[in-house]
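Summary of the model geometry
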Amino acid sequence: MHPSQWMKIDNIGLYCKPGDFYIDPMSPVQTALVTHGHADHAREGHKHVFASHETLAIMRTRYGEEMADEQQGVAMQTPLTFNDVVVTFYPAGHILGSTQILIEYAGYSVVVSGDYKRRHDPTCPPFEVIPCDVFITEATFALPVFRHPPIGDEIAKLLHSLAVFPSRCHLVGAYALGKCQRVILALREAGYDAPIYLHGAQIKLCQLYQQFDIALGELIPVSEVVDKQTLAGEIVIAPPSALADRWSRSLPNVRTVMVSGWMQIRARAKQRNAELPLIISDHCDWPELLQTIEEVNPTEVWVTHGREDALIYQARKMGYRARALSMVGYDEDEQGESFHGSV
Amino acid sequence: MEAFSELLEQLYFTSGNNAKAALIKDYLASTPDPDRGWAVAAIAGALKFDFFKRNTVKKLITERVDGELFAMSYDYVGEVSETVAHLWPDYEPSVKLPALSEIIDDFMGVSRNKVSGTLANYLSIMTPAQRWALLKLGTRGLRIGVSARSIKQILADYGNKDISDIETLWHGVKPPYTNLLLWLEDKGPKPDISDVLTFHPVMLSHPIEEKHIDDFCPHLWQIENKYDGIRVQLACNTQKAESQKALFSRTGDDISHAFPDLLEAISGNLVLDGELLVMHKESIDTFNALQQRLNKKKPSNALMKTFPAGMIVYDALVIEGIDLTSLPLAERRKKLQDYLTQTEKGINPRLHLSTTLFAASADELRALHQKVCQNRAVEGLMLKRLDSYYVPGRPKGKWYKWKRDAFTVDAVMMYAQRGHGKRSSFYSDYTFGAWQDDTLLPIGKAYSGFTDDELKKLDNWVRRNAIGRFGPVREVKKELVLEVAFDAVHTSSRHKSGVALRFPRIHRIRWDKPASEADTLETIVSLIDT
């Protein structure tokens, strides 16, 4: 039986009828399979949650120990059964603990890839190509204008700016989960070993990463700095929403740095008042999306989460059947960035 | 070219005029001639022609990139240059790009059929940021938040000179401004512009306030109609071996080519300030008529006959070669009147002296305003201090404009489109309609008049209430009433509704008002200019 008959979209999320579970549901359900810890995928209040150990830890950090009645950590590449449905988790390369989910039923296989990327990321194992009949892909940056430069080039811009403006506090806007830690690691990789200062919202998740043996170097909460003037010439990382906030006014001579895949579009960067936009993303750019579809080589591509039109058009041109999976609660374009800050 | 692109990049993302000025001064100090002068010209909008057309750029990209994907990308990015800069498929980095001036020379020298190839070659050796700089330069579309006025101030600061010196020199010097820049650096003499017919920066007015009307004192003010045409400066010197004539717009653009009928009959050595209109002898035609003449590079004889250009002159900066700008208005007016009515050169069927009006008190002034506004060829009143010197810019307390109250109409939003530039990705352009029986007919489009906060709310409303899509255009539920302000209504055969609004803008958003209570087309038709 074709997956379009047993997978369905409702206003909660993506539902597998024969397995009776949701993937990344937006409101509390009986059984939830969660691909990764970003708030537009992982919500609290489910009866049973199945996710990677890291994702469960992220959810507990965000929502508390009681975030779900029953929490089951899932090992990668180990099949689980829900009625007659076989489910297997694979790495997605998006953030710590991020997974794809392979669903097999009635002779068909569906891969829900969640959010994913193909670039090197020291915080998680790389995306794995899983052959399948239906490949469900995100489309956050699915326009040919999006080509993310190497992360080293972008970090070099930040370090160059620190050299040119040694008396300015470089306030870096980066989403607290994933982006923040990736920026810190890239700075360390580039040889920056000074302490990095953190907004309160970033601290818990950085500590969690450290618990998973990801070395982030010396991190100091801004709240523990008595004389804020000493932050001149230092790097402070805060959530993007704090950039224009009163909080940042105590920092000396701020230079606003914004880290996101959207920064490639200058008007977007301007809208965020970024003086130094850095293009760093945890999603695929256009060439990586096309590369992935080719490598997975499914018979059918379902597109969600972003600029579906362009990717559907291109996938059809490449000879695949393709259609939009209009997911309620996932329509990140309609919400602007305020809701989904992870990109 | 690298330095120019880097400068634009930094200017684009830097906010604050002082910081921008510092970047430009740094660039001027560290960049050789003639590159830096070309950069100044590009930023000031002083380049006289496009190096290539936007269509050339579109054609190049659609030969290389799938048309559908280009369209979707453009819709998202909101700007052709940036879309092309990112989408350009070829990149063979070169160790060093040619200098900005070499690239400009190349485009100025290349024959028309080779422009496209030249552009393609350059795009292929540049990074996206550099491509963007080249495309913006070549199509004269640089908008990096530095106005022509502020670049002059920056030049004055850079050279420690007075801004008025720069203003006066500006239209007498040409890019790449080598002599000007050398003078600024005290390395050369002040450029000599005595032989060049130049634009004199115009004097502008402030909107009048209630208190000014209350304090009105008849013997201090000259009162005139505010005409509904475009402000122009007529400069002419036919007493030289090579006679020169020019018609400038208020920003100094030379628009002579479009109005040969006006310039033809002018002679003398003078600079006049006034309003350009379509005039049938003494009688003034509508702005709509003038629009038939604007932006026509070469008007046909038939067009000039149907819509003859005339000028209502209200001030004189130079008459018979004598500079009058340091005389008070009352004296300038006297000399202008004598010249236009009593001299052989001045009496000209295309030039009309602006009528002065009289009011003896604040009340009479209000009554006068009401009266003139009934005439649709007039936009309101101008009040000018009789003792005012002719000072470029917008000096305080000298000249006031008192515009006719705008019309407003309650219309219903029908379609929305994403904006461009700063508003890219926001739905900021709205088409609105009025009722004819049970149907809404579109009557216009507005993309201004709201605050940034209101824009966010409107954008959000559009996204939540979209019901259809036609390319980049979203159709919305016919539920939101926009109170639209506009200056006039004309008949139009281009719109199904048969009307066109002049300068429509969103006055208020009527979240409270049901769409069924919006205005009818009939109401709007009744306001048509006659």
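Residues numbered from 1 in each chain as written. Chains lettered and ligands numbered in written order. Predicted model: local features only at pLDDT ≥ 70, side-chain atom pairs only at ≥ 80, totals over all residues. Heavy atoms only, no water.

As annotated in an unreviewed UniProt entry, chain B carries the name DNA ligase (ATP) and comes from Alteromonas profundi. As its UniProt record puts it under Catalytic activity (unreviewed entry), chain B is described as follows: "ATP + (deoxyribonucleotide)n-3'-hydroxyl + 5'-phospho-(deoxyribonucleotide)m = (deoxyribonucleotide)n+m + AMP + diphosphate." (UniProt positions renumbered as here; feature names shortened; annotations may be inferred.)

As recorded in an unreviewed UniProt entry, chain A goes by the name Ligase-associated DNA damage response exonuclease, listed as coming from Alteromonas profundi.

It is worth spelling out the pattern of salt bridges at this point. Counting across every chain of the model gives 49 salt bridges over all chains. Linking Asp487 of chain B and Arg505 of chain B is a salt bridge whose minimum nitrogen-to-oxygen distance equals 2.9 Å. Residue Asp487 of chain B is found in the loop between β18 (481–486) and β19 (488–491), and its partner Arg505 of chain B is found in strand β21 (residues 505–510); the two are separated by 18 residues along the sequence. Take Asp487 of chain B: its relative accessible area is 17%, and that puts it in the buried class. Through salt bridges with shared partners, a single network forms among Lys117, Asp121, Arg182 and Asp282 of chain A. (Salt bridge = Lys/Arg side-chain N within 4 Å of Asp/Glu carboxyl O. Helix = DSSP H or I, 4+ residues; strand = E, 2+ residues; numbered from the N terminus. Buried < 20%, exposed > 50% of the residue type's maximum accessible area, 1.4 Å probe, protein only.)

This paragraph deals with the confidence of the model for chain B. Here chain B averages 90 in pLDDT, while 99% of its residues score no lower than 70. This complex was scored by the predictor with a pTM of 0.72 and an ipTM of 0.90. (pLDDT = per-residue confidence, 0-100.)

Turning our eyes to something else, we now look at the domain arrangement of chain A. Residue and element names in this part refer to chain A. When cut into domains, chain A gives domain 1 (3–145 + 283–335) and domain 2 (151–278). Across the contact, 23 residues belong to domain 1 and 17 residues belong to domain 2. Roughly 1,600 Å² is buried in total at the junction of domain 1 and domain 2, and carbon and sulfur atoms are behind 70% of that figure. Three residues stand out in domain 1 for area buried against domain 2, namely Thr61, Leu96 and Phe141, and they jointly supply 29% of the buried area on that side. On the surface where domain 1 and domain 2 come into contact, there are one salt bridge. The closest approach of N and O atoms between Asp121 and Arg182, which form a salt bridge, is 4.0 Å. The interface formed by domain 1 and domain 2 contains three residue pairs in polar contact (both at pLDDT 80 or more). For the side of domain 1 that touches domain 2, the elements supplying multiple residues, two or more each, are α2 (53–63) and α9 (332–335). For the side of domain 1 that touches domain 2, the element with the most residues is α2, which contributes six residues. (Domains from an automatic or database assignment. Contact = heavy atoms within 4.5 Å. Buried area = accessible area lost by both parts, 1.4 Å probe. Polar contact = N/O pair within 3.5 Å; in protein donor to acceptor, adjacent residues only side chain to side chain.)

Another point: the nonpolar core. With 122 residues, the main nonpolar core has Phe4 and Leu134 of chain B as its most contacted residues. No other element matches the seven residues that helix α3 (residues 35–44) of chain B contributes to this core. Leaving out residues up to four positions away in the same chain, Leu134 of chain B has contacts with Met1, Phe52, Ile103, Phe107, Leu119, Tyr122, Leu123 and Met126 of chain B. Counting residues in each nonpolar core, the second largest holds 36 residues, with Leu158, Ala174, Leu278 and Ile280 of chain A among its members. (Core = buried A, V, L, I, M, F, W, Y, C linked by side-chain atoms within 4.5 Å.)

Each neighbour pair has its own omega, and for Asp33 of chain B with Pro34 of chain B the value is -5°, a cis peptide bond. Residue Pro176 of chain B is bonded to the preceding Pro175 of chain B through a cis peptide linkage, with omega at 5°. Locating Pro176 of chain B in the fold gives a position in the loop between α11 (163–170) and α12 (178–184). A positive phi angle, near 50°, is found at Asp20 of chain A, a position not held by glycine. Tracing the sequence through the fold places Asp20 of chain A in the loop between β2 (14–16) and β3 (21–23). Residue Asp20 of chain A is classed as partly exposed on the basis of its relative accessible area, which comes to 40%. One non-glycine residue, Asn297 of chain A, lies in positive phi territory at about 50°. With respect to the element layout, Asn297 of chain A can be found in the loop between α7 (286–296) and β18 (300–306).

Time to look at the pairing of β18 of chain A. Residues and elements named next belong to chain A. The element β18 is largely enclosed, with a buried count of seven among its seven residues. Alignment of strand β11 (residues 134–139) against β18, held across six bridges, turns out to be parallel. Bridged to Ala139 within β18 is Gly306. Bridging between β18 and strand β19 (residues 321–324) involves four bridges; their strand directions are parallel. Bridging across to β19, Val303 finds its partner in Ala324. Regarding the hand of the β-α-β motif, the stretch spanning β18, helix α8 (residues 308–317) and β19 is right-handed. (Pairing = 2+ DSSP bridges. Right-handed = clockwise from strand over helix to strand, strands pointing away.)

The next thing to look at is the sheet that holds strand β13 (residues 196–198) of chain A. All names here are of chain A. Strands sit in the order β14-β13-β15-β12-β16-β17 across an open sheet of six strands; the sheet is parallel. In the strand order of this sheet, the two ends are held by β14 (219–221) and β17 (276–278), each with one partner. For this sheet the average axis-to-axis angle between neighbouring strands, irrespective of direction, equals 30°. Across three bridges, the pairing between strand β16 (residues 254–259) and β17 is parallel. Counted as the bridge partner of Val257 is Leu276 from β17. (Axes fitted to C-alpha atoms, helices over the stretch in contact; angles between N-to-C directions.)

Take α11 of chain B next. Buried residues of α11 of chain B: Ile163, Ile166, Glu167, Leu169 and Trp170 of chain B, and no others. The elements touched by buried residues of α11 of chain B are α3, α10 (148–159) and α12 of chain B.

We now examine the environment of Ser147 of chain B. Mapped onto the secondary structure, Ser147 of chain B falls in the loop between α9 (128–138) and α10. With 103 residues separating them in the primary sequence, Ser147 of chain B and Ala44 of chain B have C-alpha atoms 6.5 Å apart.

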